[in-house]
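Coordinate inspection notes
The residues making up each chain are set out below.
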Number of protein chains: 2
Amino acid sequence: MPPDDAHSRTAILDAAEKLFSTQGYAATTIKQIGTEAGVNSALLYYYFADKLTLYQEIIRRLLETLTRSGTRVFDEAKSAEEAVRGLVSVQGELMTSRPYAPRLIARELVDHEAEHASEHISKLAAGVFARLCEVIRDGQRSGIFRDDLDPRFAAISTISQVVYFHIARPAVGIVLGYGPAGPPADVTRTFNAHAADYAIAALTAPSSGRKRTRKQK
Amino acid sequence: MPPDDAHSRTAILDAAEKLFSTQGYAATTIKQIGTEAGVNSALLYYYFADKLTLYQEIIRRLLETLTRSGTRVFDEAKSAEEAVRGLVSVQGELMTSRPYAPRLIARELVDHEAEHASEHISKLAAGVFARLCEVIRDGQRSGIFRDDLDPRFAAISTISQVVYFHIARPAVGIVLGYGPAGPPADVTRTFNAHAADYAIAALTAPSSGRKRTRKQK
DNA sequence: GTCTATAGGTGGATAGAC
DNA sequence: GTCTATCCACCTATAGAC
């Protein structure tokens, strides 16, 4: 993949990423992509085998970024709390900086069994997920996290907040009073911070008793 | 809407609900719906004006159920904790009992600006959301809930768990080791219970200090 | 109410000139 | 590398028989 050799190629990729994420795969036409990219739609078939291949290339590109920054957080974190906060924060940054990413991911999550089932997204995400589970388990063993929550479920709950906020962005915008365009950037950032607080509040062991051994299942 | 006058009508509605939620609106064809419903595809145009109208009718039907059971929870709840637990639990039951509902909702959330933007979903959901915010605020005032969380954000975080679990069902299935078909029913039920615990753990005021007045923003 | 047949339109993909 | 022109399959929607 040369840096900028084929300018049209990236133009097509960017245009397609935008259209696929806002309209969905089936609803997006080859001609729309061509127009949005400023090239003839037939050119698409010079760079990509077909519509589906183009789509999968976009998913692949996105996933690489996602997992890279995800694993980095865990490598650098010094404590369980730091890891949890770091992951939530990175999630938030990524969703905010790449506005089309959340929807594309959302569609993949929903569409999994359907046509272009890219198992990659789940498989790779599983890596980050497994590490989050470990971190939570460690926190429970060392006593800083409450141990009456299933670590895997707690991981899902923790991750869900930021992802949901961005997937449901239009709806969230409406319930918060900003309209269907979604909340402004500063509110989004504030929520990202909140999500980390909420997660830590849920995970942290109650400071009173300190001794609870009931383990789920 | 007579009880069971037009048998074919409901057959079409059910078939369409299934197909739209699994494949999406654009990817689903009129002929598929006809076949799935066991009637000729042209019959669809006898009962519904066009494809979009049929789709919107399905959304409407689903939303009615959703908001009805949502508001009932708040009417019956005797305490803040009971209301939060009740809502999470009702969310879970509904998602479990109507297996196609979560995806349909997910698609609507993501698609909002796109073609069939049904503002209904957000508007009606806003009613339930507003009441959840009130409940959390009440809990904060009475001291049983920690008051350093923004009630609106806390409401979003609380709701997000169950919705995300069901939207991302295939991915969740994979990371939990059950494959892309999703986790079995008992695991789903266990998660629903967990989600309530997680939310209460996050919301409940730390039993130690009991006196914190820092308010977000 | 339910079907057959088909009109009318659009979308993905290819051939081939430049 | 990029474009024009076009083929073919398929999809929505309608007309009209039963």
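The rules behind these values
Residues numbered from 1 in each chain as written. Chains lettered and ligands numbered in written order. Predicted model: local features only at pLDDT ≥ 70, side-chain atom pairs only at ≥ 80, totals over all residues. Heavy atoms only, no water. Helix = DSSP H or I, 4+ residues; strand = E, 2+ residues; numbered from the N terminus. Buried < 20%, exposed > 50% of the residue type's maximum accessible area, 1.4 Å probe, protein only. Contact = heavy atoms within 4.5 Å. Areas by Shrake-Rupley, 256 points an atom, 1.4 Å probe, with all protein chains shown as cover. Near = heavy atom within 4 Å. Polar contact = N/O pair within 3.5 Å; in protein donor to acceptor, adjacent residues only side chain to side chain. Nonpolar A, V, L, I, M, F, W, Y, C, P; charged D, E, K, R; others polar. Phe/Tyr/Trp six-rings, centres within 6.5 Å; stacked < 30°, edge-to-face > 60°. Buried area = accessible area lost by both parts, 1.4 Å probe. Salt bridge = Lys/Arg side-chain N within 4 Å of Asp/Glu carboxyl O.

The next point concerns the overall build of chain A. When helices and strands are tallied, chain A shows ten helices and zero strands. Secondary structure elements of chain A occur, N-terminal to C-terminal, as α-α-α-α-α-α-α-α-α-α. Each of the 217 residues in chain A was classed as buried or not, and the buried ones make up 53%. Put simply, 67% of the contacts in chain A that link residues at least 6 apart link residues at least 24 apart. When the accessible surface of chain A is split by element, carbon and sulfur atoms take 54% of a total near 9800 Å².

Bringing the protein's contact with DNA strand C into the picture now. Lining the immediate environment of DNA strand C, one finds 15 residues, of which Ile30, Tyr45 and Lys51 of chain A together with Asn40 and Tyr47 of chain B sit closest. Sugar and phosphate atoms represent 75% of those atoms of DNA strand C found within 4 Å of the protein. Contact distances for DNA strand C include 2.8 Å between a phosphate oxygen and a side-chain N or O atom of Asn40 of chain B. Those elements that place two or more of their residues in the surface near DNA strand C are α2 (30-37) of chain A together with α3 (44-47) of chain B. Across the surface near DNA strand C, the residue classes tally to eight nonpolar, four polar and three charged.

Moving on: the packing of aromatic side chains. All names here are of chain A. This structure, assessed with the given rule, holds 13 aromatic pairs over all chains. Consider the rings of Phe20 and Tyr55, whose centres lie 5.3 Å apart with planes at 80 degrees: the pair is edge-to-face. Highlighted residues: Phe20 in helix α1 (residues 7-23) and Tyr55 in helix α4 (residues 51-76), separated in sequence by 35 residues. Like Tyr55, Phe20 is buried. Chaining the aromatic ring pairs together yields one cluster made of Phe20, Tyr25 and Tyr55.

On to the protein's contact with DNA strand D. In the vicinity of DNA strand D, 15 residues are found, and the nearest of them are Ser8, Asn40 and Tyr47 of chain A together with Ile30 and Tyr45 of chain B. Backbone atoms, meaning sugar and phosphate, make up 72% of the atoms of DNA strand D lying within 4 Å of the protein. For DNA strand D, a phosphate oxygen lies 3.4 Å from a polar atom in the backbone of Thr28 of chain B. Lys51 of chain B places a side-chain nitrogen or oxygen 3.0 Å from a phosphate oxygen of DNA strand D.

The next thing to look at is the interface of chain A and chain B. Tallying the contact residues gives 53 residues for chain A and 54 residues for chain B. When the two sides are added together, the surface that chain A and chain B hide from each other amounts to roughly 4900 Å², 68% of it contributed by carbon and sulfur. It is Val110, Tyr164 and Tyr198 of chain A that lose the most area in chain A upon contact with chain B, and together they represent 15% of the buried surface on that side. Across the contact surface, chain A and chain B share zero salt bridges. Here chain A is connected to chain B by nine residue pairs in polar contact (both at pLDDT 80 or more).

The quantities given are spatial measurements derived from coordinates; they are silent on function.
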